[in-house]
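# Structural characterization, general
So you can see what is in the structure, the chains are spelled out below.
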2 protein chains.
Amino acid sequence: MAEDVVDVVVVGAGLAGLAAARDLSRAGRSVVVVEARDRVGGRIVNHRFADGSEVEIGGQWVGPTQDRVLALAAEVEAATYPTYDTGALLTVRSGRVVRHRSPTFGLPPAAVAEIAVSQPRLERIARRVDLDSPWATRGADALDAQTFETWIRRHHRTETARAFWRLAVEAVFAAEPRDISLLHVAFYIGSGGSLERLLGTRRGAQQDRIAGGSVVLAERLADRLRHEGVEIRLGAPVRAVEQGDDAVVVRHDGGEVRAGRAVVAVPPTLAGRIRWSPLLPARRDQLLQKVPMGSVTKCLVVYDEPFWRDEGLCGQVASLEDPVTITFDNTLPTEGAPGVIVAFLEGDHARRAAELSPRERELLVTRSLARFFGPRASSPVDYAERDWAAEEWTRGCYGAHLAPGVWSSFGDLLREPWGRVHWAGTETAAVWNGYMDGAVRSGERAANEVLAAG
Amino acid sequence: MAEDVVDVVVVGAGLAGLAAARDLSRAGRSVVVVEARDRVGGRIVNHRFADGSEVEIGGQWVGPTQDRVLALAAEVEAATYPTYDTGALLTVRSGRVVRHRSPTFGLPPAAVAEIAVSQPRLERIARRVDLDSPWATRGADALDAQTFETWIRRHHRTETARAFWRLAVEAVFAAEPRDISLLHVAFYIGSGGSLERLLGTRRGAQQDRIAGGSVVLAERLADRLRHEGVEIRLGAPVRAVEQGDDAVVVRHDGGEVRAGRAVVAVPPTLAGRIRWSPLLPARRDQLLQKVPMGSVTKCLVVYDEPFWRDEGLCGQVASLEDPVTITFDNTLPTEGAPGVIVAFLEGDHARRAAELSPRERELLVTRSLARFFGPRASSPVDYAERDWAAEEWTRGCYGAHLAPGVWSSFGDLLREPWGRVHWAGTETAAVWNGYMDGAVRSGERAANEVLAAG
């Protein structure tokens, strides 16, 4: 088997790996990118419908302050356009579908009153989190000793306020509030800037979409890299990484690459499944045992037209009661395009729905949508879904979540280089951790580390 | 490469795998056991000192109600003998080394008063846990929504009472109270019978040792199995498991085994590193992302004689303040044997100590022992240690611990067979989960499943 020799080998051709490859290549390093899938993009990908239209079925949105992914979009000449946001929102709670345009989500006054106290409290904690070293935050010990569910119960007596926070956690992490430490939630809010920014459409993380789908960011960047001489090896799952005194060898199905340094840009839990030689140090191995991925099935439900718009609805729903917890209008911005609702099954909802047959699951989803948008929603003309936990080379989305204690006992290793191995991936980002922007930042940071190492 | 064909292939030659192999073989099934290490026993092993003596450096104790491991001991004619337990205990707290013989651990009255209320409260919860289905326990939702640290803080105001519970968790789980849900702690106590039984020497889980070391249970059972025609293939790490309609194929370094069924008896986190074909179902894969192992370094410190006995001490220490949190007298029961203290570094203590050089770590340990037992403890004649998180084929001891939410969202899959694959290992046991007895029980249960399947 031929062994290829380069300056740097990058494992993973998602945005993180590609951004690292770009910066390394442009600094004059020879680079090979090795990717398990037969495509680039990792957690971002389009679904192609029978009519040829393509809609995002992985990560998709960008928003203000996501400067690095927006710079990438500009670089590859990908236009952005606003997420459809005209009309009323719906909140489902207390057995009712409430139409509203309010920043308080149409919640009842008692819940609003509680959240009006608790949200600023949480934002205050988030602002004081040390994003580079969350474990060094003042009070980290107490913040990382409890689940976010404990915090929810402590600060809210109304079931609706509690349900609101559970929904918010599901929407952001695709996990349950009991799965995650208060410190991790505060870190994540700080990492994105504010809770309003994480949850928001206009001026928030869901503000804009990428023309052609977010995956064009990866595809066009990959094309440019190939043009610049970077080899991107697809269908090449990495099975083993061996580092010695003067090189690191990455063995993948069908070949291997020898390099001076490696950038590993895959989810931490998947990094733990690689055979490392020498063995991963004990604490680093245990870290990789403790960075699980969320559970989400993203569903695209297609109608002949976006009929909800005629009823003054923007297509955005937050339900405290349904299997589908969050929807957006995901219609393509072309004249006369069919209407598309993107519906998310998250956390326990996703796991329960995964037990159903595809047909049963589609019915589960369209039943929720019919409750939100009326009987027309029962009869989609097309339907697609992706259970990201079932994807061999991701094993869960949107990203990883950290249980109590993990930041405190293991967090310092998340992006600390190990010999010739550097770590990228949105899970290692200090800013916009978990988002496409964090992925790009992590790749840029890892490239800088490699360049600084000489 | 030759492919061997048998009725059942067992992955892992720890007590769980060997017990499964035994019951299957004796029911007339042809069995091959495949083991990554070049020895049997998994988490139980002796350290051989320069003088030829052998002392347990893995799991070692047995106690009342551990009927299945005791039956195994009787079967292989391994004698048990009592853990040395004569004399006073020491508790280190509030800057003092307190000599005591009390069930209240020599704690100050304010702490004792708090624990006198909280311990029965915890035992009551433990008694109501459904050991077969912890997630179905009445009130499981609230129990699994919080960390044990949250419970500690809620029910104790004195720092000493809190420190006592943290020590108890470290001693039992080699993890921190923030890492584990209240439901998991309650399950674990229920699984062992009572907290007193988990923590106790006489009438407890540390009551007895096995003559020759606990590893003789595995070694002698393996010898008998070989004699009965079971092949035990050592040095054969399993890399892939492929199941089809009528067979399962286990591929290991250097060979493969085809069988009707497989019993996988390795820690869940390591099972997640095997390549599964077809892919693990999504929720099962995510379960294996969420069953991390504890962190413990077991240290054997040898002196020319057990000098503490002359001072009326039994060698058992519980320190709320030192890196070494727990010790026992681990002297072999032969006349004139050198004195051995077994000292545990657990949880964060183990992880911090792992950053030191071996010499620095030995000094850290002997400094703790000198504080407990006086200056003679500073000068051991021999020293051995094992960091179980550094062991490739265990990656942490004593066992796994479950964070909040894991029992609720994933627990039902821990031992649910998946097609032709059955799961063993002490992490899958309902009774004495985490102990050698649980390992034996899990192997017996998995064998019964296979036999019931025909």
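Values in this document were obtained by computation on a predicted structure and should not be read as measured data. (Residues numbered from 1 in each chain as written. Chains lettered and ligands numbered in written order. Predicted model: local features only at pLDDT ≥ 70, side-chain atom pairs only at ≥ 80, totals over all residues. Heavy atoms only, no water.)

## Some details on the overall build of chain A
In terms of regular secondary structure, chain A is built from 16 helices and 19 strands. Computed over the C-alpha atoms, the radius of gyration of chain A is 22 Å, within 12% of the 22 Å expected from 2.2 N^0.38 for a compact globule of 454 residues. Principal-axis analysis of the C-alpha atoms gives chain A an extent of 65 × 55 × 40 Å. The buried share of chain A, reckoned over its 454 residues, is 64%. (Helix = DSSP H or I, 4+ residues; strand = E, 2+ residues; numbered from the N terminus. Rg over C-alpha atoms; globule rule 2.2 N^0.38 Å. Buried < 20%, exposed > 50% of the residue type's maximum accessible area, 1.4 Å probe, protein only.)

## A few points about the sheet that holds strand β15 (residues 313-319) of chain A
Residues and elements named next belong to chain A. Pairing is mixed across the open sheet formed by seven strands, whose spatial order is β7-β6-β15-β16-β17-β14-β18. Pairing within the sheet leaves two strands with one partner each, and these edge strands are β7 (96-100) and β18 (382-387). The average angle at which neighbouring strand axes cross in this sheet is 20°, direction not considered. Note: β15 against strand β16 (residues 324-329), two bridges, orientation antiparallel. Its bridge partner lying in β16, Val317 is registered against Thr327. Against the sheet, helix α6 (residues 159-173) makes contact with β15, β16 and β17 (339-346), and its axis sits at roughly 60° relative to β16, the strand it touches most. (Pairing = 2+ DSSP bridges. Axes fitted to C-alpha atoms, helices over the stretch in contact; angles between N-to-C directions. Contact = heavy atoms within 4.5 Å.)

## Considerations on the UniProt feature "binding site: FAD" (unreviewed entry) in chain A
Residues and elements named next belong to chain A. The UniProt record marks Glu35, Ala36, Val238 and Glu427 with the feature "binding site: FAD" (unreviewed entry), using the residue numbering of this structure. The topology assignment puts Ala36 in the loop between β2 (31-34) and β3 (46-48). In this view, Ala36 contacts Gly235, Ala236, Pro237 and Trp393; residues no more than four positions away in its chain are not counted. Relative to the elements of secondary structure, Val238 occurs in strand β10 (residues 238-243). (UniProt positions renumbered as here; feature names shortened; annotations may be inferred.)

## Focus on the UniProt feature "binding site: substrate" (unreviewed entry) in chain A
UniProt annotation of "binding site: substrate" (unreviewed entry) refers to A:Phe344 when read in the numbering used here. Leaving out residues up to four positions away in the same chain, A:Phe344 has contacts with A:Trp61, A:Val296, A:Thr297, A:Lys298, A:Pro323, A:Val324, A:Thr325, A:Ile326, A:Phe328 and A:Tyr398.

## Considering the packing of helix α1 (residues 15-26) of chain B against helix α9 (residues 215-227) of chain B
Residues and elements named next belong to chain B. Following both chains from N to C, one finds α1 and α9 inclined at 30°, their axes separated by 10 Å at the closest point. Regarding the angle of α1 to α9, the classification is roughly parallel. In the crossing of α1 with α9, the sense of the turn from one axis to the other is left-handed. Taking contact as the criterion, the partners of Leu15, Leu18, Ala19, Ala21 and Arg22 in α1 are, on α9, Leu217, Ala218, Leu221, Ala222 and Leu225. Tallied by class, the residues present in the contact of α1 with α9 amount to nine nonpolar, no polar and one charged. (Parallel < 35°, antiparallel > 145°, perpendicular 65-115°, else oblique. Left-handed = near helix turned anticlockwise from the far one by under 90°. Nonpolar A, V, L, I, M, F, W, Y, C, P; charged D, E, K, R; others polar.)

## As for the sheet that holds strand β15 (residues 313-319) of chain B
Residue and element names in this part refer to chain B. An order of β7-β6-β15-β16-β17-β14-β18 is seen for the seven strands of this open sheet, with the pairing classed as mixed. Both edges of this open sheet fall to β7 (96-100) and β18 (382-387), since each of them pairs with a single strand only. When strand polarity is set aside, the average angle formed by the axes of neighbouring strands in this sheet is 20°. Note that strand β14 (residues 296-303) and β18 share six bridges and pair antiparallel. Each residue of the ladder has a partner; that of Val301, found in β18, is Tyr383.

## Some remarks on helix α3 (residues 109-128) of chain B
Residue and element names in this part refer to chain B. The end-to-end C-alpha separation of α3 is 29 Å, in line with the 28 Å expected for 20 residues at 1.5 Å each. Roughly 25° is the biggest bend found in α3, and it falls at Ile115. The complete set of buried residues in α3 reads Ala111, Glu114, Ile115, Ser118, Leu122, Glu123, Ile125 and Ala126. Buried residues along α3 sit in contact with α4 (140-143), α5 (148-155), α6 (159-173), α7 (182-192) and α8 (195-199). (Expected span 1.5 Å × (residues − 1). Bend = angle between axes of the 7 residues up to and from the residue.)

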